[in-house]
Each structure stands twice: as C-alpha cells, then as structure tokens.
Amino acid sequence: MAKLGVNIAGVSFKNPVITASGCCGFGREYDKMYPMEKLGGISLKGMTIRERQGNPPPRIAETPKGMLNSVGLQNPGVEAFLQNDMPFLEKRDTVLIANVAGSTLEDYCAIAERLDSSKIDMLEVNISCPNVKEGGVAFGTSCASAGNVVSHMRRYTTKPMMVKLSPNVTDIVSIAKAVQDAGADAVSLINTLLGMRIDIATRRPILHNNVGGLSGPAVFPVAVRMVWQVASQVSIPVVGMGGIEKWQDAVEMMMAGARAVQIGAALFYDPYVPLKVIEGIDQWLDQQGVRDINEIVGTVKPW
Amino acid sequence: MAKLGVNIAGVSFKNPVITASGCCGFGREYDKMYPMEKLGGISLKGMTIRERQGNPPPRIAETPKGMLNSVGLQNPGVEAFLQNDMPFLEKRDTVLIANVAGSTLEDYCAIAERLDSSKIDMLEVNISCPNVKEGGVAFGTSCASAGNVVSHMRRYTTKPMMVKLSPNVTDIVSIAKAVQDAGADAVSLINTLLGMRIDIATRRPILHNNVGGLSGPAVFPVAVRMVWQVASQVSIPVVGMGGIEKWQDAVEMMMAGARAVQIGAALFYDPYVPLKVIEGIDQWLDQQGVRDINEIVGTVKPW
Amino acid sequence: MSYIQSLFPITAKKELAPGIFDYTVYCPPIASQAAAGQFVHIRADGFTLRRPISLCQIDRQRQTIRLVFEVRGGGTQEMSHLSVGDSMDILGPLGNGFPLLSPENKVIVVGGGIGVPPMVETAAHYGKNATAIIGFRNSQAVILKSDFESLGCDTRLATDDGSAGYHGFVSGLLKERLEQGPADLICACGPMPMLKSVVSIAQQANVPTKVSLEERMGCGVGACLVCACRTVRDGKEIFTHVCKDGPVFDGDEVVF
Amino acid sequence: MSYIQSLFPITAKKELAPGIFDYTVYCPPIASQAAAGQFVHIRADGFTLRRPISLCQIDRQRQTIRLVFEVRGGGTQEMSHLSVGDSMDILGPLGNGFPLLSPENKVIVVGGGIGVPPMVETAAHYGKNATAIIGFRNSQAVILKSDFESLGCDTRLATDDGSAGYHGFVSGLLKERLEQGPADLICACGPMPMLKSVVSIAQQANVPTKVSLEERMGCGVGACLVCACRTVRDGKEIFTHVCKDGPVFDGDEVVF
Ligand SMILES: Cc1cc2nc3c(=O)[nH]c(=O)nc-3n(C[C@H](O)[C@H](O)[C@H](O)COP(=O)(O)OP(=O)(O)OC[C@H]3O[C@@H](n4cnc5c(N)ncnc54)[C@H](O)[C@@H]3O)c2cc1C
Ligand SMILES: Cc1cc2nc3c(=O)[nH]c(=O)nc-3n(C[C@H](O)[C@H](O)[C@H](O)COP(=O)(O)OP(=O)(O)OC[C@H]3O[C@@H](n4cnc5c(N)ncnc54)[C@H](O)[C@@H]3O)c2cc1C
Ligand SMILES: Cc1cc2nc3c(=O)[nH]c(=O)nc-3n(C[C@H](O)[C@H](O)[C@H](O)COP(=O)(O)O)c2cc1C
Ligand SMILES: Cc1cc2nc3c(=O)[nH]c(=O)nc-3n(C[C@H](O)[C@H](O)[C@H](O)COP(=O)(O)O)c2cc1C
Ligand code: FES
Ligand code: FES
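Named according to an unreviewed UniProt entry, chain C is Dihydroorotate dehydrogenase B (NAD(+)), electron transfer subunit originating from Youxingia wuxianensis. UniProt, in the comment section headed Sequence similarities (unreviewed entry), describes chain C in these words: "Belongs to the PyrK family." In the Subunit (unreviewed entry) part of its UniProt record, chain C is described as follows: "Heterotetramer of 2 PyrK and 2 PyrD type B subunits."

Chain A goes by Dihydroorotate dehydrogenase in an unreviewed UniProt entry, where it is assigned to Youxingia wuxianensis. Looking at the Pathway (unreviewed entry) heading of the UniProt record, one finds this comment for chain A: "Pyrimidine metabolism; UMP biosynthesis via de novo pathway; orotate from (S)-dihydroorotate (NAD(+) route): step 1/1." Looking at chain A in UniProt, the text filed under Sequence similarities (unreviewed entry) is "Belongs to the dihydroorotate dehydrogenase family. Type 1 subfamily."

**Student:** Would you take a moment to explain the interface of chain A and chain B for this structure?
**Tutor:** Size of an interface, as often reported, equals the accessible area lost when the parts are brought together. With 48 residues of chain A in contact, the opposing surface of chain B contributes 48 residues. Around 4,500 Å² of area is buried between chain A and chain B when both sides are counted, 65% of it from carbon and sulfur atoms. By the criterion of area lost to chain B, the three top residues of chain A are Ile200, Arg203 and Trp303 of chain A, representing 20% of everything that side buries. Seen at the junction of chain A and chain B, the total is two salt bridges. The closest approach of N and O atoms between Glu252 of chain A and Arg197 of chain B, which form a salt bridge, is 2.7 Å. Linking chain A with chain B are 21 residue pairs in polar contact (both at pLDDT 80 or more). Mapped onto the side of chain A that touches chain B, the elements with two or more residues apiece are strand 11 (193–195), strand 13 (204–205), helix 6 (220–231) and helix 7 (247–256) of chain A. By residue class, the composition of the side of chain A that touches chain B is 29 nonpolar, 11 polar and eight charged.

**Student:** What should I look at first to understand the site of ligand 3 in this one?
**Tutor:** Among the 24 residues in the neighbourhood of ligand 3, the closest are listed as Ser21, Lys164, Gly216, Gly243 and Ala265 of chain A. Positioned at a junction of chains, ligand 3 has nearby residues supplied by chains A and C. Within the side chain of Asn99 of chain A, one N or O atom sits 2.9 Å away from an oxygen atom of ligand 3. Protein chains shield 97% of the accessible area of ligand 3, which is 610 Å² for the free molecule.

**Student:** Can you walk me through the packing of aromatic side chains in this structure?
**Tutor:** Each aromatic ring pair is characterised by the separation of its centres together with the angle its planes make. Under the defined criterion, the tally for this structure stands at 12 aromatic pairs over all chains. Between Tyr34 of chain A and Tyr272 of chain A the ring centres are 5.6 Å apart and the planes differ by 45 degrees, which places this aromatic pair in the tilted class. Within this pair, whereas Tyr34 of chain A is found in the loop between strand 3 (17–19) and strand 4 (41–43), its partner Tyr272 of chain A is found in the loop between helix 8 (266–269) and helix 9 (273–288), the two being separated by 238 residues in sequence. Judged by relative accessible area, which is 5%, Tyr34 of chain A ranks as buried. For the ring pair Phe26 of chain B and Phe81 of chain B, a centre distance of 4.9 Å and an interplane angle of 50 degrees mean the geometry is tilted. Of this pair, Phe26 of chain B sits in the loop between strand 3 (17–19) and strand 4 (41–43) while Phe81 of chain B sits in helix 1 (residues 78–90); the two residues are 55 residues apart in sequence, bridging distant segments of the chain. For Phe26 of chain B, a relative accessible area of 11% puts it in the buried group. Here the aromatic residues Phe21, Tyr23 and Phe69 of chain C are joined through ring pairs into a cluster of three or more. The ring of Phe88 of chain A has Arg92 of chain A lying over it, and the distance from NZ or CZ to the ring centre is 3.9 Å.

**Student:** What is the right way to read the relation of the copies chain A and chain B from this model?
**Tutor:** Both copies of the chain are related by one operation, a rotation about an axis with a shift along it. Of the two same-sequence chains, chain A is brought onto chain B (RMSD 0.0 Å, axial shift 0.0 Å) by a rotation of 180 degrees. Each copy turns onto its partner about a two-fold axis.

**Student:** Quick question: what am I supposed to make of the UniProt feature "binding site: FAD" (unreviewed entry) in chain C here?
**Tutor:** Residues and elements named next belong to chain C. Taken from the UniProt record, the annotation "binding site: FAD" (unreviewed entry) applies to Arg51, Pro52, Ile53, Ser54, Gly75 and Thr76. With respect to the element layout, Pro52 can be found in strand 4 (residues 51–54). You can call Pro52 partly exposed: its relative accessible area is 35%. With residues near it in sequence (within four places) discarded, Pro52 still touches Phe39, Val40, His41 and Met217. Among the structural elements, Ser54 can be located in strand 4. Apart from the residues lying within four places of it in its own chain, the contact partners of Ser54 are Gln38, Phe39, Arg66, Leu67 and Pro118.

**Student:** Help me understand the UniProt feature "active site" (unreviewed entry) in chain A, please; the structure alone is not making it clear to me.
**Tutor:** Residue and element names in this part refer to chain A. Look at the UniProt record and you will see "active site" (unreviewed entry) annotated at Cys129. Structurally, Cys129 is set in the loop between strand 8 (122–126) and helix 3 (137–140). With a relative accessible area of 7%, Cys129 lands in the buried category.

**Student:** Just to check I follow, could you spell out the side chain of Asn210 of chain B for this structure?
**Tutor:** Within the secondary structure, Asn210 of chain B sits in the loop between strand 13 (204–205) and strand 14 (212–215). When near neighbours in sequence (up to four residues on either side) are disregarded, Asn210 of chain B contacts Trp228, Pro302 and Trp303 of chain A together with Met196 and Pro205 of chain B.

**Student:** Where do I start with the interface of chain B and chain D in this structure?
**Tutor:** On the chain D side, the residues contacting the 33 residues of chain B number 30 residues. Carbon and sulfur atoms make up 58% of the area that chain B and chain D hide from each other, which totals about 2,700 Å². Linking chain B with chain D are three salt bridges. Here Glu51 of chain B ties to Lys236 of chain D by a salt bridge, and the two come within 3.2 Å at their closest N and O atoms. Where chain B meets chain D, there are 12 residue pairs in polar contact (both at pLDDT 80 or more). Elements that contribute at least two residues to the side of chain B that touches chain D include exactly strand 5 (60–63), strand 6 (66–69) and helix 8 (266–269) of chain B.

Parameters at a glance
- Residues numbered from 1 in each chain as written.
- Chains lettered and ligands numbered in written order.
- Predicted model: local features only at pLDDT ≥ 70, side-chain atom pairs only at ≥ 80, totals over all residues.
- Heavy atoms only, no water.
- UniProt positions renumbered as here; feature names shortened; annotations may be inferred.
- Contact = heavy atoms within 4.5 Å.
- Buried area = accessible area lost by both parts, 1.4 Å probe.
- Salt bridge = Lys/Arg side-chain N within 4 Å of Asp/Glu carboxyl O.
- Polar contact = N/O pair within 3.5 Å; in protein donor to acceptor, adjacent residues only side chain to side chain.
- Helix = DSSP H or I, 4+ residues; strand = E, 2+ residues; numbered from the N terminus.
- Nonpolar A, V, L, I, M, F, W, Y, C, P; charged D, E, K, R; others polar.
- Near = heavy atom within 4 Å.
- Areas by Shrake-Rupley, 256 points an atom, 1.4 Å probe, with all protein chains shown as cover.
- Phe/Tyr/Trp six-rings, centres within 6.5 Å; stacked < 30°, edge-to-face > 60°.
- Buried < 20%, exposed > 50% of the residue type's maximum accessible area, 1.4 Å probe, protein only.
- Lys NZ or Arg CZ within 6 Å of the ring centre and 35° of its normal.
- Least-squares fit on C-alpha atoms with pLDDT ≥ 70 in both.

Below, the structure written as structure tokens:
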C-alpha cells in the first residue's frame, strides 16, 4: 500500500482526489452513494455573499465527450450555507474547500472574512466563472485584477487560499504568477472553457444564457497542457482538473504537475469515478513499486 | 434543389464546404477517393517561403473525441509548390485557398507577392499555428501584430485575404476587429487549441513537440461560440471550423454566423464527411423549404 | 433512501407504437424502493449525459421496473438498440413521486403523449377509483390504453385529430369528468401547455393537482443545479430543481 | 490506384496466441488491388483515429484479406471484440509494399513479434526460395510458424528466452543464413532495434534490404503529414511519411 496522502498549502488530504466545485453541491447527494470520508476533499458549490438564483433553464447541453453548463452560481449565500449545510459537512472527515465568488472585490473579502471562523479548511477563489454577468471570469482574465482580488482577500482570512484559474486566456502562466505574487497559497485549474450549442430545429442556443462552460473529457488535453505550463513556472502547489474520468487521467495530470486532482462532469455519468480513481491509482502505484504518490508529481520528462 | 453557392470576399464557392488546411495536403490524396470538384473549396497545407521539415515524430496523439497534432508546418516551400502541385490543382474546378505562414513579416509578404500571379483564388493568412517556434501563433495573439501582418501583406497581393484566427486568446473578437481594420477580407476560425498528452508508461509527452493543437469534435462547442461572437461583431464574412463531423454541425456553425465551413480532423476517420455534409445540407434545406443556403447564415436567435 | 447505480438486465422489450419502446428491467434494489412518479437516469453508450426516464410500472413481486420511452434524439435512439439480455446502466430511484392517498380516494390521472407512461403506476394504486384521461396526437400514437383498462380505471381517450376517442385535448375530457363528479386529487404529466391548462381547470374546480415536469439534467440527484424550474415558494419566485425537488410539484407552485 | 473505404464483413476469426487475433475479411475491392506489405486503416468504434494494420495475406480467389494484430491499447482492444458476421470499417489498400522480384530469387524475410504477420504474403510469393526468419519473446508468443512452413519456406524460429527454436534474436539467425549462402533481397518488419541490426548485417553482406516501419498515423493516405520518419534521400536528411512513402523503405535510407 503506497502512501496516498498529499499536502497542499499546509492542508493534509488523505488522498489526492477531490470532487470539483459545482458538481457535488454541498456534499449531501453523493453521500447517499458512498461516504464522503473516502474522498481526499470536496470543493463546494460556488458561494456568494448573498443568495443567487442563477440563470434561467436550460442550463445544460451535451457536446461530444463533454457538456456545457450555465448554472450561474445558484447558491443560498454564505450565511444560509453556514447555518444549513456546514453542520452536516463538519461531521465528515474530509477536506472542505469553500469555492468563493463575488461580483465585487468587497464581496470576495466579505465571504473570506465570514468563513474565517468556520471549519472550512481552505478557500478556492473562483475568479473564473464564465456564467455570471458581473465579476467571475472578469477578475480572472487580467493579471492585475486577479492579483488584486487575492491581495485584498489576504487581509480578511487566515485560511489557505487556492485561486481557480480560467482557461479562456492567452497566457495562463502570467495569471498564475500574478496570483502567486499576490499571496495565493495554491492554484487550481482549469475552470470551464466558454462554449455554445445551437438547436438547429428552433434556431435558438440550447442554453438560455446563450453560452456556457465546457467541461468533461473533451477538455482534458487542454487542461493537461495548462497544468504542465503553470506547474513548471510557479512554486506553489497546483491542483489539476478538467476532463478526468479514469485513474490513468489522474496519473497523467499529476505527472504534468498537479499535486491533487478534482473531478467534475464525470460524476454525472458515473458517480463512482472518484472512488475508482483512488483505487486505480493505489493499485498502479503498488504495481510500479512507487511508495508515495508525491513521487510522481511533475515527473513528466519533456522532449 | 436549394442554392448552395456562397460568396466570400468576391470569390464564388459552389457550396459552403471547404477542406481545412493541413488535413488534405495539396489535394492529391483525397482526389483518389472523389473528385475535388465536388468541394466548395480546398484550403491547402500551410506554406512557407522556404521548405520546412516540421517537427520530429510522434506528431499525433489521440484525445477523447479529438486529436492533437504537432506537424509544425512541414511543406516544400512556395516555389516547389507552384512547380509541382499547382499544375495539378489548377485543373480542378474548385476554390483554391493558399494557407500562408511565416516566421517574419517579410516571409508573409514574400509569399503573398509570389502567389499574386498564380491561379490561387484566395489567401488564408495563418497567424495561429501553435506548432512552430517562431512566428505562427505569436502573430495571432495580439491585435497589433495581427493587424500589422495583414496591412503589410495587403501591399503585396491583390488576392482576397482571409485571416485565420487562434482560439488560444482571451478576446478573439478584438483580434478579428483588428484584422478587419487592417484590411482583411474575411476571417476563418478556429485554428487548434493548444493541448498535451502524456504516456504514463514512459512518462513522456506523446508528442515529440510536447504540446500540439487540439481539433476534432471535442472543440466544436468552443468553435461555435467563437464564430458566433466574431460574426456578430465584424462585417466581413466568417468561415467557421473546428470539430465539424456531420451536416447538422455545419448547419449549426452557419446559424452561428459562418458563411462557409471547413472540415479537418473528421477526414481522417471518414474521408467522405465533406460529401456527406454537402448532401445532408442540401436535403435539409429542401425539407425546410429554404431556397438558398445564405438565408440560414447567422440566423441563430439568442435568448 | 439511497441511490443505486449499476447494470441491470433487460428481461422484455416491445415497440408499443412507432418509435416508442417498452422495456422491462430486472432491478431488485430499485423495484423494492421506488415509488410512482419517480424516475431513473440511464446511460446511453457514447453519450456524456444520462437520460432521465420515468418509472412506468414497478413490480415488487418480480423485482422489475418498466420503462416506456420515445426515441427523440441520439441518446434515446441508442437506448432503443438494447435487446433482451443486454444490460442497462441505471441510476435511481430519483426524485419525489406522486403522493399516494389511500386507494379509496377519487383520483384523476392525466397524461399527454409520452407523459402517459409515468401515470400507470399511480393509476394502479387507485384501480377502479381512478379516472385515466390520456391524450395523443392521433390513433397511431395511442399507447397503454389497455393497461389502464385492465387496472380497472375509468379510461378516457382523446386524440388531437379525433382519429380515436374524443376529438380534442385532454383538457376537454378533464372538464367533462369534473362536471360528472368530485375528485380528491389530479395527477398529471405531459407537455407544459397541457399541464398549464390542467392546473387552471383544477384550480377552478378547487381540486389539488400534482404535475410532473421535465428539464435537461446533469447529475439527476440534486448536486449540479442545472435542472432549474421556476416555482413559487412562500410567495417568492425561486429556481427549484426538477431532479430533487420534483419531478412532481404542486400544480399551484409552478410558474408556467 | 484508388482508395476504398467501406464496411466489410468478417468471415473468420481466431486467437493465435493470448491477445493476438487473426481476422479474415471479405473485401473484394481491396483483395483485388492490394500487394504484399501494404496496410489498411481500421476504424475502432468510439475512437477518433483509425488504426493501421498490415495485410498478412491476400486471397484474390476468395476475395478476402487476412489481418493479424495484437491488442496493445484501447483501439485494438475494441477491434478484437468484433465477431464473424460483424463488419469492419476499412480504408485501403494503403502505402507501398515490398517489391516482388521474380519468384526464383533467393529472398530472406525477417519478422519480429507482431512484425511477423506482414511477412507472410511476401514469403508466399517466393515459396521454397524464401527463408523465413521469425523471432518472438518466448514459445507462447510464437505465431504463424506453420503458415511459413506450409508455403514451403525454409522457416527458422528464434525466441529471446530460448523456449522454442534458436535462443537469441533473429539477427543471429540472419547472420547464420547469410553465411550459408547468398541472398538477393532481405525484407523485414519488427521493432526498430531489430530492423537496425538487420540492415547493418545486410549492409556488411552487401544484400539490399527493405524494411517496414511504424509511426502514429492520422489520415493514412499522405494528406496530414503526421507520420513523419527520418530518411536520407539524395544525401539529405528529410522527413518522409510512413503512410505514403512507406511503410516499406530501403534499409539504406532509414535514419535509425
Ligand atoms: C423526470 C423526467 C422523466 C422523463 N420520463 C420520460 C419517459 O418516461 N419517457 C420518455 O420518452 N421520455 C421521458 N423524459 C424525456 C426524456 O428524458 C428525453 O426525451 C430524453 O432525455 C431525450 O434524449 P435524446 O438523447 O433522445 O434527445 P437529445 O435531444 O439528443 O438530447 C440532448 C440532451 O437534452 C436532454 N433532453 C432532451 N429532451 C429532454 C426532455 N424532454 N427532458 C429532459 N431532458 C431532455 C437529453 O437528456 C440530453 O441531455 C423524461 C424527462 C424527465 C426530465
Ligand atoms: C503501417 C503499420 C502497420 C501495422 N501493422 C500491424 C499489424 O499488422 N499488426 C499489429 O498488431 N500491429 C500493427 N501495427 C501497429 C498498430 O497500428 C498499433 O498497435 C495500434 O495502432 C495500437 O492501437 P491501440 O489503440 O491498441 O493503442 P493505443 O496506444 O491506445 O493507441 C493510441 C494511438 O497511438 C497509435 N499507435 C500506438 N502504437 C502504435 C504503433 N506501434 N504504430 C502506429 N500507431 C500506433 C494508435 O494508432 C492510436 O492512434 C502497424 C502499424 C503501422 C504504422
Ligand atoms: C454543472 C457545473 C457547475 C459548476 N460550478 C462551478 C462553481 O460553482 N465554481 C467553480 O469554480 N467551478 C464550477 N464548475 C467547474 C468545475 O468545478 C470544473 O472546473 C470543470 O467542470 C472542469 O472539470 P471537469 O471536466 O471534471 O468537469 C462547474 C462545472 C459544472 C459542470
Ligand atoms: C494534422 C493537422 C494539420 C494542420 N495544419 C494546419 C496548417 O498547416 N495551417 C492551418 O492554418 N491550420 C492547420 N490545421 C488546423 C485545421 O486547419 C483546423 O483549423 C483545425 O483542425 C480545426 O478543425 P477540425 O476540428 O475540423 O480539424 C491542421 C490541423 C490538423 C489536424
Ligand atoms: S440534474 Fe443535477 S441538480 Fe438536477
Ligand atoms: S498519416 Fe497522414 S500523412 Fe501519413
């Protein structure tokens, strides 16, 4: 049995598999299929300071080996979350990551402050949501604004901050460096790629929001590339995601430089993917004679 | 029988289906399966002023519903092309599009000048190749350099210029506008998204170039989104591509705003895709009672 | 309650009408837990997203479930290629079904088109105390009529073109039925315009309604929040979720 | 010459060794045109890229082709699930095969591992004038030995571990054979290190070689330029393409 534990910004994960934000709500649903304790961590649904209803339906469209979503950060707001969901989560022995979003700099800071006294283990700063009109990805596409969010939040929280990066940029490395310089403790990537589908029968976009975020296996090669580029240019840990659906994908992402991985869209067609990935990695490490998962992180040998 | 002809920057295409650059060489190979005359046009392999050998193999990797390539613009150079391939192509009754690439501004201009007296119908200015170290996408990721290439080439050519845009940018619309302002007669999009795959057994990138360009059905939703964004913001015609594999995809792309489409990766698994798309569109138009394909261009009704 | 996800063998298959398939699947853990109006989420080979299909009947004895669906697009097409002996990848049982009053209540079930199958299990609960009002485009599209009849339901058929039964919509038959006598509950499934008219007729007659809604889905379990539907709760318009808060809603709370 | 792409029925299937499958496909247009050493490009369900597989034998009488392949990854795995009666989506015949001298020439065919199948059709041309040198990891992996024997070839077997035939590599057997008498041509297929040593032994003995190479492919027809291989032509090192310029190259022109 190899060691599966990883440490990210001072937080210990029992294994490197985390369910991705927005794909597993606040944990209650998939807990009905297997105990959340099995997971390295859970990244919770994107949270805003006040309740948000999100975008009108349809909010989902299928694409070749992928899907688009345009949920638009529907969530009960941080207070309701702490009251209704945190008690359930606190009892689960897994790393709790709050995914934090805002329309303004003040929003981000206010949530960080409100969560500082909670049992949340880590913040994931979402400056990459493509589905909201204000804020979201607007903060994540320039180095200055991305850095700005982080340095401001830093004053309001003692929790480790992981910044979630958008793939919809010309140069993701410079954004990663900017948030590192501004005090980020880790980065996670990728959020969704902006995409669109049209129903040719009605001539309307399938999503009511017209465009939405692409995720699932289709984006995997883009995610691996970005993780590799970023991991080789920053010194803080990188958490990789985008299209992971089997243990081989997780290993590939880790070789590219990810210290842990997140799994999103794959949950929808197979809720057991995270467990299968953990098990698959475990067996593979044994078979390879690798004693500690950390030994494979970033080991890809470029030509 | 609906009218299938389209006009792009003064060039008449008998139908809106073009084979994409780099996926059909200089036309000889697929001509062994069906006459090139059936196609609206053919976009030839990217051409440079001098012969290029391209990148070392492996140059291709499979991805979920897509593929990566890192050919790196292997081509015989414009002179050899004119001597060896143009005589064959000239006899084919289809629109001939030369895909032009360079490492320097001078290269682009020199090829444009050299082709000006040829029977090439149109230039496709490739400022978006992700697989070469110099030039290529470097020209295509800033508005200033993209515009610069176009305005310089303009002085050396009387042929219509279509500029091929890279999807690896934060804001593709501003680049499209910049090339339009610089004198481009049309834009084509998307070139490939930068991606990577790693062989976990050898821990080496599958591509010898480490990274490569992602194409095929996986990228389709990203391409539709970009075509829609660009088409609604520029006045010059847009040619859409990226992941088209069936006639419904072509119709979707045209509703998003493309006046014609290009088909690349799909050729590799089914060389007949272009013919099937032409036939499928034709039947669908009849069934819908639409008399002219141009009537569907850009007809998507956003919410 | 817990969710099951696994492969289950198909034990019977029929084509009820052109493009409408009727599958029986041996599925003990779902058959034992599931309730009328719940649905399952089915994986179609080659597709990223599962397809939600309502339970048409639940046979606890035989430990089977019955699924009736129409081929609409690629996913249901693929599902229709499965044969007896093949396995179906099923996640379920999902959502909240129709409330089941005690069987002596007078209940009207209303189904339109492919909204008819989900009403069978509910009708079965009330047997001869149920009125089943079912509507289709035309006589060729009629399915499951004999199923309601053999359950003892007062079965009333409408077709849009009058080629079988009543000439018109189910709303006409519903009005007729409500004029003939009282009802304790109306349960309905079908296209939104049909549900809207059912609810408005029921409101006038002061009969409570339960309607089963559709929306495009991701997870099917309430985790991804994509299946939003506009509802009024506590006087406030909010997006609830078809998979978790529904698919069955109070007719009064749905914003049509 | 023209390319064919279509679905063709499988008429026979065998597993020659664990994970190595032998298919006969009824394919008149390819059987009538194809030559030894050419390959076909096969579509595996669910995969974006086709898989190149060499022609093992061509039966013009029966209008069939024979394909022998090893399961390496997902694509060949999927292909191995096809059964007699199923269709295979085949594009071909592709590439340039081995040159066929007049049959009275003394020709040596050398195959290593899964490089053995492509040598059968060439060996058949020369019959008893051919020496077939075939090498495998171990005795369990040996395939097609009796095929060469029944063609009348002087068949010599090597295994890496000595569990059958000569203990060692095919290069040992090749040296032995060249010491025993002259040869007009050596044709080879197998892993790069094997081909390298075959070419160097042949160069020393002044016998021309033809080697069949592998590279990852896209189109298979010469249109996409992904299948580059380093060769020397007119004294200049250039990237030629396995699918169009090969898969069979002069041993002398390959940069190993
Ligand atoms: C709770 C619920 C119960 C249902 N029960 C039944 C049933 O018993 N019998 C039956 O025939 N149909 C039922 N449907 C509708 C059925 O799910 C769709 O017809 C089916 O998903 C279409 O898939 P497709 O691949 O054929 O179509 P496509 O249009 O190719 O599907 C594309 C995407 O849109 C989704 N989609 C398309 N139409 C619908 C729709 N009407 N509702 C939800 N998602 C849709 C698909 O699931 C898929 O994700 C139900 C829907 C819901 C929400
Ligand atoms: C001209 C030619 C003839 C061949 N003839 C035979 C034959 O007769 N019998 C046989 O068993 N094998 C043959 N091969 C090798 C065979 O094509 C590969 O084993 C097969 O493509 C692997 O596919 P996969 O999905 O199982 O593996 P994966 O590794 O999952 O494939 C991933 C991708 O890499 C490509 N790839 C992987 N290995 C190779 C390889 N060695 N050569 C080319 N592409 C590869 C695949 O085609 C696919 O695109 C031949 C290869 C070439 C180029
Ligand atoms: C339905 C859905 C909702 C999402 N919501 C959020 C969110 O609230 N916050 C966030 O940072 N990312 C969100 N994401 C993005 C995912 O966390 C993840 O970055 C992305 O889906 C790529 O991973 P995958 O391919 O494994 O799904 C969402 C994704 C999906 C599919
Ligand atoms: C093997 C290969 C080679 C390519 N070479 C070129 C090229 O030389 N010039 C160019 O502009 N685009 C090139 N492209 C990009 C395609 O023209 C097209 O933009 C892209 O593949 C998206 O379309 P698709 O998804 O239909 O393949 C190449 C693509 C592939 C797959
Ligand atoms: S489908 Fe995921 S919440 Fe309803
Ligand atoms: S595979 Fe396309 S050129 Fe060889």
